[in-house]
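# Coordinate inspection notes
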Amino acid sequence: MDSFFDLFGPSTTASESDTDALNGNQEDSSDDSGISNGSISHLLHQDGSCSDLVLKGIDFNLGYLPPEPQLGNIEYKLKLINPSKQRFEHLVTQMKWRLREGNGEAIYEIGVSDSGHLKGLSDADMTVSLHTLNQMARKLDASTSVLRRKSLPNSRSVVEVLVRKIPDDQHNIEVRVAVLGGADAGKSTLLGVLTQGEFDNGRGRARLNMFRHMHEIQTGRTSCISHETLGFDAQGSVINYKYTEMMTAEEISDRSTKLVTFMDLAGHRRYLKTTVQALSGYCPHHALIVIASGNISNMTREHLAIVQALDISFSIIVTKIDLAPPDQILYELKNLLSSIGYRKIPYLISNEDDVLNANAHQSVEQIVPIFCVSNVTGAGLNLLIQYLYVLSPGISNAEKERLEQEPIEFQIDEIFRVSEVGTVAGGLLCKGVLTENSLVQVGPLQDGSFFSLTVQTIHRNKAPCRVVRAGQSASLSFNTIEPMPALRSGMVILPDYESNDIACGSFFFQAQVSVLFHATRIYKGFQTTVHIGSIRQTAIIEGIMGAGETGIGTNQTASVLFRFMRHPEYVRPGMRILFREGTNKGIGKVTQVFPLKKAPSSSTE
């Protein structure tokens, strides 16, 4: 059988090969990822214009880039040589805006025109331009690091620089990454290798520190949400094992300029509800789908569909390539990702240039980076680590500041009982800024009301802190004079000054939904598990507007009235909803809410 790359990699024309040879950019036939490839055949070819666009548009080695984007954190500069004082201030303001767009990170392409052509600069001009860029960054208390340098003919070059400014109110830039995949794919083992710096022994040694319960150690299967952190310094080195082998989470957080927080999620179907709740409640910035080299399991396909439905950007990690060649799994992934349900462009990562290309254009070009790694031999892991280092949170700083100015809304996802502390609630702060000693209210209780209490302490990344901001996860402990009611997952914490009309639970809500898949049709009376943020509860469809007796089927849209079965929940218009029952799935947005005191009397039955 021919190699996968011979079958589906785009062939390189003679003119392209000659150009690469002139530029000194011909790739070796193999690298440390253990994957053989031609000069540009690392791209998983997809028939049609989309593949041509990617092939010509994102490869740093082909001589040009896409035109400079008006929005986002990528900036092209032909040269930065001796600017006037007024011009320098304009450049600093421009850099500040790009940093805001990238939530503290911006990428500068020096020697590139606005149209995307790689003009290049001489060594002397490049040195002066980089010095000017460093001065601009220092003006904003930002740091710079060169990501890559490309040599062009006539002794000219192009340089790509990462500019990073940690927000004044934060220790580092944080990215939340969910890790999914079927059982036995190697998710926990991969995280163990990444965070501990030691390869696996082939018998599961690396995953032991990821488990939280004895039955997980005995079975080797994750059953709950496990959080781990990977810290980077300004040069891109991993903090976790740079200084000592036993660094605490607090030390890693304090020394890191970039912090990747992993959520290790369960892969067995029995724990699917926990996995979906984590994706919906914690709102990860990115997802890693881990697949064992061999075949794509049904559970993996389920996870891919859920990530796609929730509109979360994702990458794919093919593990265990030391046991089986990845050709067959890559062929299946190419067909799956390019199908109608995804319309994504698979992009195999085989060198450092691929890492930077994929990260810069992932959201714009709908690219799905694919890594082939081995947790035993370490093949491909360095490329994955570099990808995590440059991975952006995907939310602009302006949007983050807008969310911080709104009233607090903290979604409770986990409840703990800690000796000498009491009840501790873990979850995500969706809006606002929450500080210690804040007077808040939690609910809804069974009657839809909220209970007042005070936030006593806040912990983030297993370390105490005084403030938590919108988009950050944290654990809270409370101080209350009266006995505190039993908390549950799905409750929310709101400011205590909110009016009763807003701070009230609901049994009934209406949503505009689209059915992703159903074997037959959905009718009134259909029971399904509904996920809204951290809410996970069974609900009944009380009515389907405009559907009559025919109901709704796959790929159909309708306005649907839901009723929670067990207890009221805090739901507001605009929240994203995902409902599932077996293999049946649908998504939508809440359009109207009926607070408990205004709901029909049947809502409490």
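That block above? That's the structure.
All figures in this text were calculated on a predicted structure; none of them were measured in a lab.

### Some points on the overall build of the protein
Tallying secondary structure elements over the protein gives 14 helices and 26 strands in all. Carbon together with sulfur atoms contributes 49% to the accessible area of the protein, which is approximately 25800 Å² in total.

### Examining helix α9 (residues 272–282)
Within α9, 10 of the 11 residues are buried, leaving the element largely enclosed by the surrounding structure. Along α9, the residues classified as buried are L272, T274, T275, V276, Q277, A278, L279, S280, G281 and Y282. C283 sits one or two residues past α9 and shows a positive phi near 45 degrees.

### Points about the packing of α9 against helix α10 (residues 298–309)
Interaxial distance between α9 and α10 falls to 11 Å at its minimum, and their mutual angle equals 25 degrees. Classified by the angle their axes make, α9 and α10 are roughly parallel. For α9 against α10, the interelement crossing comes out right-handed. Of the residues in α10, those touching α9 at L272, T275, V276 and L279 are M299, E302, H303, I306 and V307. Looking at side-chain class alone, the contact of α9 with α10 contains 6 nonpolar, 2 polar and 1 charged residues.

### Brief notes about the packing of helix α6 (residues 187–196) against helix α13 (residues 381–390)
One way to put it is that α6 packs onto α13 with a least axis distance of 12 Å and a crossing angle of 75 degrees. The orientation of α6 with respect to α13, classified from their angle, is roughly perpendicular. Of the residues in α13, those touching α6 at L190, V193 and L194 are L381, L384, I385 and L388. Broken down by class, the residue content of the contact of α6 with α13 amounts to 7 nonpolar, no polar and no charged.

### Some words on the environment of G490
Within the element layout of this structure, G490 appears in the loop between β19 (473–479) and β20 (492–495). Relative accessible area serves as the criterion here: at 0%, G490 is assigned to the buried category. Separated by 43 residues in the primary sequence, G490 and G533 have C-alpha atoms spaced 7.7 Å apart. Leaving out residues up to four positions away in the same chain, G490 has contacts with I412, S534, I535 and E569.

### Overview of the packing of aromatic side chains
Under the counting rule described, the total for this entry stands at 6 aromatic pairs. Each residue in the set F509, F562, F564 and F579 is aromatic and connected to the rest through ring pairs, giving one cluster.

### Points about the pattern of salt bridges
In the structure shown here, the tally under the stated rule is 17 salt bridges. For D353, the salt bridge is made with R148, and the minimal N-O distance between the two is 3.1 Å. Note that D353 is positioned in helix α12 (residues 352–365) and R148 in strand β3 (residues 143–152), a separation of 205 residues in sequence. Side by side, D353 and R148 carry an identical accessibility label, which is buried. The closest approach of N and O atoms between R469 and E404, which form a salt bridge, is 3.8 Å. Of the two residues, R469 is situated in strand β18 (residues 467–469) and E404 in helix α14 (residues 397–404); the sequence distance between them amounts to 65 residues. The same class applies to R469 and to E404, which are both buried. Look at the salt bridges and you will find they share partners, linking R402, E406, E409, K431 and R572 into a network.

### Description of the sheet that holds strand β9 (residues 314–319)
Read across the sheet, 7 strands follow the order β6-β7-β5-β8-β9-β11-β10 without closing on themselves; strand pairing throughout is mixed. Edge positions in the sheet fall to β6 (226–232) and β10 (345–348), since each has one partner strand and no second. Looking at each pair of strands side by side, their axes are set apart by 25 degrees on average, direction ignored. Of the strand pairs in this sheet, β6 and strand β7 (residues 258–264) are connected by 7 bridges, and their pairing is antiparallel. Pairing of T229 across the sheet is with T261, part of β7. Helix-sheet contacts for α6 involve β5 (173–180), β6, β7, β8 (286–292) and β9, and the interaxial angle to β7 is about 155 degrees. Here α9 sits on the sheet and contacts β5, β6 and β7; the angle it forms with β5, its principal contact strand, is near 160 degrees.

### Details of the environment of I541
Among the structural elements, I541 can be located in strand β23 (residues 535–545). Taking relative accessible area as the criterion, I541 reaches 2% and is therefore assigned buried. In the structure, I541 is positioned 33 residues away from F508 in sequence and 9.8 Å away in space, judged by C-alpha atoms. In contact with I541, not counting residues within four places along its chain, are I522, Y523, K524, G525, F526, V560, L561 and F562.

### Side note on the sheet that holds strand β21 (residues 506–517)
Within the closed barrel, the 6 strands sit side by side as β21-β24-β23-β22-β25-β26. Their pairing is antiparallel. Within the sheet, the average angular offset between the axes of one strand and its neighbour, ignoring direction, is 45 degrees. Pairing of β21 with strand β26 (residues 584–595), which is carried by 10 bridges, proceeds in the antiparallel orientation. Bridging from a neighbouring strand, V515 pairs with G586 of β26. With respect to the sheet, α9 is in contact with β22 (527–532), β23 and β25 (576–581), its orientation differing from that of β22 by roughly 35 degrees.

### Some points on the side chain of E409
For E409, the position within the fold is in strand β12 (residues 409–418). E409 sits in the buried class, given a relative accessible area of 1%. When neighbours within four sequence positions are excluded, E409 is seen to be in contact with L428, L429, C430, K431, I493, L494, Y570, R572 and M575.

### Concerning the side chain of D264
With respect to the helices, strands and loops of the structure, D264 is situated in strand β7. This buried residue, D264, is left without a salt bridge; K187 holds the nearest opposite charge, at 5.6 Å.

### Focus: the pairing of strand β13 (residues 422–431)
The element β13 is extensively covered by neighbouring structure, given that 10 of its 10 residues are classed as buried. Of the strand pairs in this sheet, β12 and β13 are connected by 9 bridges, and their pairing is antiparallel. Of the residues in β13, the one forming a bridge with I415 is A425. Taking the residues between adjacent antiparallel strands as the criterion, β12 and β13 are bridged by 3 residues, where E420 takes a positive phi near 65 degrees. The pairing of β13 with β19 spans 5 bridges and is classified as antiparallel. Looking at β19, one finds that G427 is bridged to A474.

What counts as what
- Residues numbered from 1 in each chain as written.
- Predicted model: local features only at pLDDT ≥ 70, side-chain atom pairs only at ≥ 80, totals over all residues.
- Heavy atoms only, no water.
- Helix = DSSP H or I, 4+ residues; strand = E, 2+ residues; numbered from the N terminus.
- Areas by Shrake-Rupley, 256 points an atom, 1.4 Å probe, with all protein chains shown as cover.
- Buried < 20%, exposed > 50% of the residue type's maximum accessible area, 1.4 Å probe, protein only.
- Axes fitted to C-alpha atoms, helices over the stretch in contact; angles between N-to-C directions.
- Parallel < 35°, antiparallel > 145°, perpendicular 65-115°, else oblique.
- Left-handed = near helix turned anticlockwise from the far one by under 90°.
- Contact = heavy atoms within 4.5 Å.
- Nonpolar A, V, L, I, M, F, W, Y, C, P; charged D, E, K, R; others polar.
- Phe/Tyr/Trp six-rings, centres within 6.5 Å; stacked < 30°, edge-to-face > 60°.
- Salt bridge = Lys/Arg side-chain N within 4 Å of Asp/Glu carboxyl O.
- Pairing = 2+ DSSP bridges.
- Lys, Arg positive; Asp, Glu negative; His and termini not counted.

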